[in-house]
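Summary of the model geometry
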Amino acid sequence: MLHDAQFLFPDSSYPWRQRFGYRLLVPRMARSSAIVLTVSDYSRQMLDLLGVSARARTRRMHNGGDHIHDIAASSDALSKLGIQPLRYVLLFGSAKAYKNNRVVFDALATDVRGLRLVVIGPDRQALHAAGLPRPRHGVCRRVRRCGAACIL
């Protein structure tokens, strides 16, 4: 399973040792595999174009999410966090550049009519270090860490 070819790009936010190791090992692993799985048609195309895995030997298999149904939703989770239903944007991920978090932050810098940003993963310091400061224009009235969630 290869999620993508981001390790080949200099702006991927991977540390240089990780990029070096991936560039050395991943194409070899792909060539020695009977089939390579990836998560999207775009990743399949990029793996082919960049010489990691030929399109004919690569298949798409989306990430699974059905396990989410095994856990009952908390009826008071939003109120505990001070968030109104349908008035927030939820962002999962890391602060790495290739995750395109900048798109969300830039969008929230415009008129968002009271939407709140809830980030699952990195804390506010990691986002700031990655060049993703708090969105402006009244979007961020308060910031709190709530377990793995950072509410902006």
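Residues numbered from 1 in each chain as written. Predicted model: local features only at pLDDT ≥ 70, side-chain atom pairs only at ≥ 80, totals over all residues. Heavy atoms only, no water.

1. Examining the overall build of the protein
The secondary structure content of the protein amounts to five helices and six strands. Ordering the α and β elements of the protein from the N terminus gives α-β-α-β-α-β-α-β-α-β-β. Across the protein, the fraction of contacts at a sequence separation of at least 24, relative to all contacts at a separation of at least 6, is 61%. With an accessible surface of roughly 10,000 Å², the protein has 57% of that area assigned to carbon and sulfur atoms. (Helix = DSSP H or I, 4+ residues; strand = E, 2+ residues; numbered from the N terminus. Contact = heavy atoms within 4.5 Å. Areas by Shrake-Rupley, 256 points an atom, 1.4 Å probe, with all protein chains shown as cover.)

2. Some details on the nonpolar core
In this structure, Leu 2, Ala 5, Phe 7, Tyr 14, Val 26, Ala 30, Val 36, Leu 47, Val 52 and Tyr 98 together form the largest nonpolar core, which totals 10 residues. Residues Leu 91, Leu 108, Val 119 and Leu 127 belong to the second largest nonpolar core, which totals eight residues. (Core = buried A, V, L, I, M, F, W, Y, C linked by side-chain atoms within 4.5 Å. Buried < 20%, exposed > 50% of the residue type's maximum accessible area, 1.4 Å probe, protein only.)

3. Observations regarding the pattern of salt bridges
By the definition in use, this model includes two salt bridges. In this structure, Arg 60 and Asp 41 form a salt bridge, with 2.9 Å as the shortest nitrogen-oxygen distance. With Arg 60 in strand S2 (residues 58–60) and Asp 41 in helix H2 (residues 41–49), the pair connects residues that are 19 residues apart, well separated along the chain. Residue Arg 60 is classed as partly exposed on the basis of its relative accessible area, which comes to 42%. Where Asp 48 meets Arg 55, a salt bridge forms, and the shortest distance between an N and an O atom there is 3.5 Å. (Salt bridge = Lys/Arg side-chain N within 4 Å of Asp/Glu carboxyl O.)

4. Quick notes on helix H1 (residues 16–32)
With 17 residues, H1 ought to run about 24 Å at 1.5 Å a step, and its terminal C-alpha atoms sit 25 Å apart, in line with that. Along H1, the helix axis deviates most sharply at Tyr 22, where the bend reaches about 30°. Those residues of H1 lying buried are Arg 19, Val 26, Pro 27 and Ala 30. Residues of H1 that are buried make contact with strand S1 (36–38). (Expected span 1.5 Å × (residues − 1). Bend = angle between axes of the 7 residues up to and from the residue.)

5. Here's the deal with a nonpolar patch on the surface
Nonpolar side chains collect at one region of the surface, where Trp 16, Phe 20, Leu 24, Leu 25 and Met 29 lie side by side and expose about 570 Å² of accessible area between them. The topology assignment puts Trp 16 in helix H1. On the accessibility criterion, Trp 16 (59% relative accessible area) is exposed. (Patch = residues over 30% accessible without salt bridge, like charges linked within 9 Å, V, L, I, M, F, W, Y side chains within 5 Å.)

6. Brief notes about unusual backbone geometry
In this structure, Leu 86 is a non-glycine residue whose phi angle is positive, near 65°. Assignment of secondary structure puts Leu 86 in the loop between helix H3 (77–81) and strand S3 (88–92). Assessed through its relative accessible area of 77%, Leu 86 is described here as exposed.

7. Quick word on the environment of Asp 76
Along the chain, Asp 76 turns up in the loop between S2 and H3. Separated by 2.8 Å, the side chains of Asp 76 and Ser 74 make a polar contact. (Polar contact = N/O pair within 3.5 Å; in protein donor to acceptor, adjacent residues only side chain to side chain.)

8. Side note on the confidence of the model for the protein
Summarising the model, the protein shows a mean pLDDT of 80, and 85% of its residues fall at 70 or more. Scored below 50 in pLDDT, residues 137–145 shows 33 contacts in the model against residues more than four places distant or in partner chains. (pLDDT = per-residue confidence, 0-100.)

9. Let's talk about the pairing of strand S4 (residues 116–120)
The side chains of a regular strand alternate, residue by residue, between the two faces of the sheet. Of all five residues in S4, four are buried, a share of seventy percent or more. Of the strand pairs in this sheet, S3 and S4 are connected by five bridges, and their pairing is parallel. Its bridge partner lying in S4, Leu 90 is registered against Val 118. (Pairing = 2+ DSSP bridges.)

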